[in-house]
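# What the coordinates show
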Amino acid sequence: MISRTYNRIAFALFLLTVILQPGCHSNPTQEPDPAPGVPQTLATQRAQTISNLRYELSFEIPAGVSDPVQGKAVIRFARTDNAHPLVLDFTPGPDSIIDVKANGTPSQFKAVNQHIIIPGAELTAGENTVAIAFKAGDASLNRNPDFMYTLFVPARAHLAFPCFDQPDLKARFTLNLKVPEDWTAVANGAETSTGVYAKTQPIPTYLFAFAAGKFQVETAERNGRTMRMFHRETDAEKVQRNRDAVFDLHAQALAWLEKYTGIPYPFGKFDFVLIPSFQFGGMEHPGAIFYNAASILMEKSATENQMLNRASTIAHESSHMWFGDLVTMRWFNDVWMKEVFANFIAAKIVNPAFPGVNHELRFLVSNYPAAYGVDRTQGTHPIRQELDNLDDAGSLYGAIIYQKAPIVMRQLEKILGAEKLQEGLQVYLKQFQFGNATWLDLVHLLDERTDLDLAAWSRAWVEEAGRPSVETEVQGQRVAFIQKDPRWIQQIDVVVGTANATRSVALNLEKERTEIQTEAPPQFVLPTGGGLAYGDFTLDSASRTYLLQHLPDLKDPLTRGAAWVTLWEELLDRRVEPQDFLDLALRALPQETTEQNVQLILGYSDTAFWNFLPDTERNQLAPKLEETLRSQLARAASSTLKSTYFSTFRSIVTTPEGVAFLERVWRRQEKILGLMLSEPDEAAMALELAVRGVPSAAAILEEQRGRFMNPDRKARFEFVMPALSGDEATRDKFFASLSDVKNRRREPWAAEGLAYLNHPLRRPQSEKYVRPALDLLREIQRTGDIFFPTNWMYATLGGHNSNAVAETVKGFLAEQKDYPVRLRRIILQSADELYRLAW
Ligand SMILES: [Zn+2]
């Protein structure tokens, strides 16, 4: 997970520093001040000279959100360097520094560029203590009226307190917290007496965490380990319904990991905190994992996919205890590594718990479409990227790390064999435990275990961007796969259908041309059919035509899923017409028995319907699509499948009859047999009705607001409401309000409002928001968490499909000469479909 430092604020503080400079002594012959953020050069120099690091931190947290948090940091360390000044990171700047002592003596420190610089002469080569009293910065403290929580990944600890904010200076933390009397708190270490938290194992600053506030606590014991769940859910029945499963999932994950790694859970106590509207799905703080509450406490109407996602999220964060927490990347350019292992291992853990699920298919649908969604665009990037300053670390995260890297890792396991990989990982975890390592350290350990040149393989798949292009050529019974750049070695399973049988053929793509001979002339050849192949595949035209007719008849659900993914890519490359794709979807849905495929088809259909059809064709198709969804909704056997159909129906409904049905359901005048609708479902219905401009839209929003039992959900709804107003001036005002950082603080709320403003039904009135939204992006990046720039751009562009908007984006990028490369990528990623739509 991630986020970003506040450069705008930093600059203002920089100006202040020039004027104030408390306790400053300036010496023109000294080395230049370090740049803001955490430059790699500074981090390297510190890692070489500082060791045995310990923080003793105290925070006093007042109930009033706007009252300052007072803090004290006693930082102990050994230092081998006394020639240079000591540089600490602390963004709040000179006004927030109350007192600095070096080895007991008041320091002649300097506060500049988000750093506290202590003269080398005040320190010794050996043990040192620096004690700093300060006013904590609020930027990474997520303060709310009833609760607060820290979120310091990747380098946001120094927005709150002075520290060495880099992953390879691991430290032991002890913590003292003073919180309002009716609050409770949780941190990495166990609470040994009121407000005192035990010393941690060595952990980096980005994993140090605490949360405090009005939380309920559930306790359970599993496998001899006590676990606690902190939450703010007001629905007691919902907590009861979920709690055992949530504890079980954690216990299973930990037991599995201990066995796989051969290393017991390394961090002592085990708690987790469910936070409303948390920025990420979860964050792996050792001893105190934070989760987004909604992804852990399931509604009764939860889909199978949501349950799987929950299990995966829990397994993902649990895996991080070893991969990321016990062994940490040296620098954030290797952050993908901990993410890929967490995902890769999570899949292994979750699979046995869901024996009814087709896991190969799940891997396909949860990784390939999302990875392609970035890797096919002009904004793609390699898995392993350069990173000069941790200020930019946030922009490393995305589908290439979370979805492409697992695909590449699965290839690695295929190449090495599962046992060799496990063996290599065990050695790696043991060798670097409580320390740091790079990807190349691991490649080196694994390279010893294979004949393949792993370094060369790693260069193509890990250090380069994009996908291999593979074309199928069929002549009689000879099938050839042509790959222009054969460095992208991969093992794939090709599915070939003939009149007699459908077969899977294992194949190594390692040459420009790879040929197979079939038993009879093929009806179709699907190189992705076994769910392994990754790339930009061009089908031969006979196979394309065959699949557009007969895809639903394919027996293997995995092959069907792979065919859908491949046809969607063909649609984006304009080799398949959107109308043909949607016709196929309408024929396929009544036959499709696998929920994951239903979801895949519905997701593609939703996008094709809103963005790829001209208005007239969309209006023509609407009655048929709604009829199909409603009849499937009635027929679906499971409540999860019903829920899947209903949420798509809610999203695409446009006919008067369909909208009237939705309104009756929202008014509780009509029930859908076998489907329980929860508070978030009703809220979503109210918003969808409002954006369709039903006559009673305003009254529906008001009534919905009154229905809420949960105050957090109610607050979010109230925030989003103006974006749904029928009055354009109100919507304009909502959009304008987002230019104030205060109104974007709850980022998922802001993104939801922005997406409704730019809903396809509002296109004519919302094109005007696109340019100002682009203009804001740099500030969004400076002031927001890591995923926010991406979410901001998708919320802005996702509903648009006009040439005019595509030109606006292109014009913006052409104008911006020195635009940050990573933000440019985000724009190019989110504009990809828009560009392709300008046929
Ligand atoms: Zn993760």
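Note that this is a predicted model, so its numbers are computed, not measured.

### A closer look at the overall build of the protein
From N to C terminus, the protein includes 28 helices and 28 strands. A globule of 839 residues ought to have a C-alpha radius of gyration of about 28 Å, and the protein, at 28 Å, matches this closely. Taken over the C-alpha atoms alone, the protein extends approximately 85 × 70 × 60 Å along its principal axes. Scored against the burial criterion, the 839 residues of the protein give a buried share of 60%. Carbon together with sulfur atoms contributes 50% to the accessible area of the protein, which is approximately 31,400 Å² in total. Where the 88 positive side-chain charges of the protein centre and where its 101 negative ones centre are 2 Å apart.

### What to know about the coordination of the zinc ion
In the first shell of the zinc ion, the protein supplies His316 (NE2), His320 (NE2), Glu339 (OE) and Glu339 (OE), at 2.0 to 2.8 Å from the metal. Classification of the site at the zinc ion rests on its four donor atoms, whose angles at the metal span 51 to 142 degrees, yielding the label irregular.

### Some words on the pairing of strand E15 (residues 216–222)
When E15 meets strand E16 (residues 225–231), the two strands line up antiparallel, connected through seven bridges. Paired with valine 217 across the strands is phenylalanine 230, a residue of E16. The turn joining E15 and E16, which pair antiparallel and follow one another in sequence, is formed by two residues; a positive phi near 50 degrees is taken by asparagine 223.

### Comments concerning the sheet that holds strand E7 (residues 115–118)
If you walk across this open sheet you meet the three strands as E3-E7-E6, and the pairing is antiparallel. The outermost strands of the open sheet, each flanked by one partner alone, are strand E3 (86–89) and strand E6 (110–112). Neighbour to neighbour, the strand axes of the sheet diverge by 25 degrees on average, direction disregarded. Of the strand pairs in this sheet, E3 and E7 are connected by four bridges, and their pairing is antiparallel. Within E7, the residue paired with leucine 86 across the bridge is isoleucine 118.

### Brief notes about the pattern of salt bridges
Evaluated as defined, the whole model comprises 65 salt bridges. Lysine 348 is the salt-bridge partner of glutamate 413, the closest N and O atoms lying 2.7 Å from each other. Of this pair, glutamate 413 sits in helix H8 (residues 399–416) while lysine 348 sits in helix H6 (residues 335–353), and the two are 65 residues apart along the sequence. One salt bridge connects arginine 487 with aspartate 485, and the closest N-O pair in it is separated by 3.0 Å. On the accessibility criterion, arginine 487 (39% relative accessible area) is partly exposed. Judged by relative accessible area, aspartate 485 falls into the partly exposed class, the value being 30%. Through salt bridges with shared partners, one network takes in Arg376, Arg467, Asp536, Arg544, Glu569, Glu570, Asp573, Arg575, Asp832 and Arg836.

### Points about the sheet that holds strand E24 (residues 490–497)
Sheet architecture is open: three strands sit in the order E25-E24-E27, paired in antiparallel fashion. The open sheet has two free edges, formed respectively by strand E25 (502–509) and strand E27 (524–526), since each of these has just one partner strand. Between one strand axis and the next, the sheet turns through 25 degrees on average, direction left out of account. Both E24 and E27 contribute to a ladder of three bridges, which runs antiparallel.

### Observations regarding the side chain of glutamine 411
Tracing the sequence through the fold places glutamine 411 in helix H8. From its side chain, glutamine 411 meets the backbone oxygen of glutamine 491 in a polar contact 2.9 Å long. When sequence neighbours within four positions are dropped, the list of residues in contact with glutamine 411 reads Trp457, Gln490 and Gln491.

### Topic: a negative patch on the surface
Negative charge collects at one region of the surface, where Glu386, Asp388, Asp392 and Glu463 lie side by side. With respect to the helices and strands, glutamate 463 occurs in the loop between helix H11 (454–461) and strand E22 (469–475).

### Remarks on the packing of helix H21 (residues 711–720) against helix H23 (residues 747–757)
Their axes nearest at 9 Å, the elements H21 and H23 cross at an angle of 40 degrees. Judged by the inter-axis angle, H21 sits oblique to H23. Pair H21 / H23 crosses with right-handed handedness. Within the contact between the two elements, H21 uses Asp712, Ala715, Arg716, Phe719 and Val720 and H23 uses Pro748, Trp749, Ala750, Glu752, Gly753 and Tyr756.

### Side note on the confidence of the model for the protein
Looking at the protein, the pLDDT average stands at 93 and 96% of residues meet or exceed 70. Counted against residues more than four places away or in other chains, residues 1–29, with its pLDDT under 50, gives 78 contacts.

### Quick word on helix H27 (residues 821–830)
Counting buried positions over the 10 residues of H27 gives seven, a clear majority of the element. Of the residues making up H27, those classed as buried are Arg822, Leu823, Ile826, Ile827, Leu828, Gln829 and Ser830.

Cut-off values and rules
- The numbers attached to residues start from 1 for each chain and follow its sequence in the written order.
- Local features in a predicted model are, by the rule used here, given only for residues with pLDDT of at least 70; side-chain atom pairs are given and counted only at 80 or more, and totals for whole chains, interfaces and linings are based on all residues.
- Side-chain numbers here rest on the full set of heavy atoms in the structure, without hydrogens or water.
- Secondary structure follows DSSP: runs of H or I at least 4 residues long count as helices, runs of E at least 2 residues long count as strands, and numbering of each begins at the N terminus.
- Throughout, the radius of gyration refers to the C-alpha atoms, and the reference size of a globule is 2.2 Å times the residue count to the power 0.38.
- Exposure classes here rest on a 1.4 Å probe applied to the protein chains alone. A residue is buried below 20% of its type maximum, exposed above 50%, and partly exposed in between.
- Only the protein chains shown count as covering a residue, and every accessible area follows the Shrake-Rupley method with a 1.4 Å probe.
- This count recognises Lys and Arg as positive and Asp and Glu as negative, with His and chain-terminal groups excluded.
- All charge positions are set by atom: Lys at NZ, Arg at CZ, Asp at CG, Glu at CD.
- Coordinating donors are taken to be N, O and S atoms lying within 2.8 Å of the metal, or within 3.2 Å when the metal is Na, K or Ca; because water is excluded from the atom set, some sites may appear incomplete.
- By the criteria applied here, four donors are tetrahedral when all angles lie between 85 and 135 degrees, four are square planar and six octahedral when opposite donors are over 155 degrees apart and every other angle lies between 65 and 115, and any other arrangement is irregular.
- At least two DSSP bridges between two strands are required for those strands to pair.
- Axis lines are fitted through C-alpha atoms, for helices just across the contact stretch, and the angle between N-to-C directions can take any value from 0 to 180 degrees.
- Throughout this description, the term salt bridge denotes a Lys or Arg side-chain nitrogen within 4 Å of a carboxyl oxygen of Asp or Glu.
- Between N or O atoms, a polar contact is any pair within 3.5 Å; within protein, one atom must be a potential hydrogen donor and the other a potential acceptor, and residues adjacent in sequence are included only when both atoms are from side chains.
- By definition, residues are in contact when any of their heavy atoms lie within 4.5 Å.
- Residues enter patches when their relative accessible area tops 30% and they take part in no salt bridge; the joining distance is 9 Å for like charges and 5 Å for the nonpolar side chains Val, Leu, Ile, Met, Phe, Trp and Tyr.
- Comment on the angle field: the value is read as roughly parallel under 35 degrees, roughly antiparallel over 145, roughly perpendicular from 65 to 115, and oblique elsewhere.
- It is the rotation of the near helix from the far one that decides the hand of a crossing: anticlockwise by less than a right angle makes it left-handed, clockwise makes it right-handed.
- On a range of 0 to 100, pLDDT expresses the predictor's confidence in each residue.

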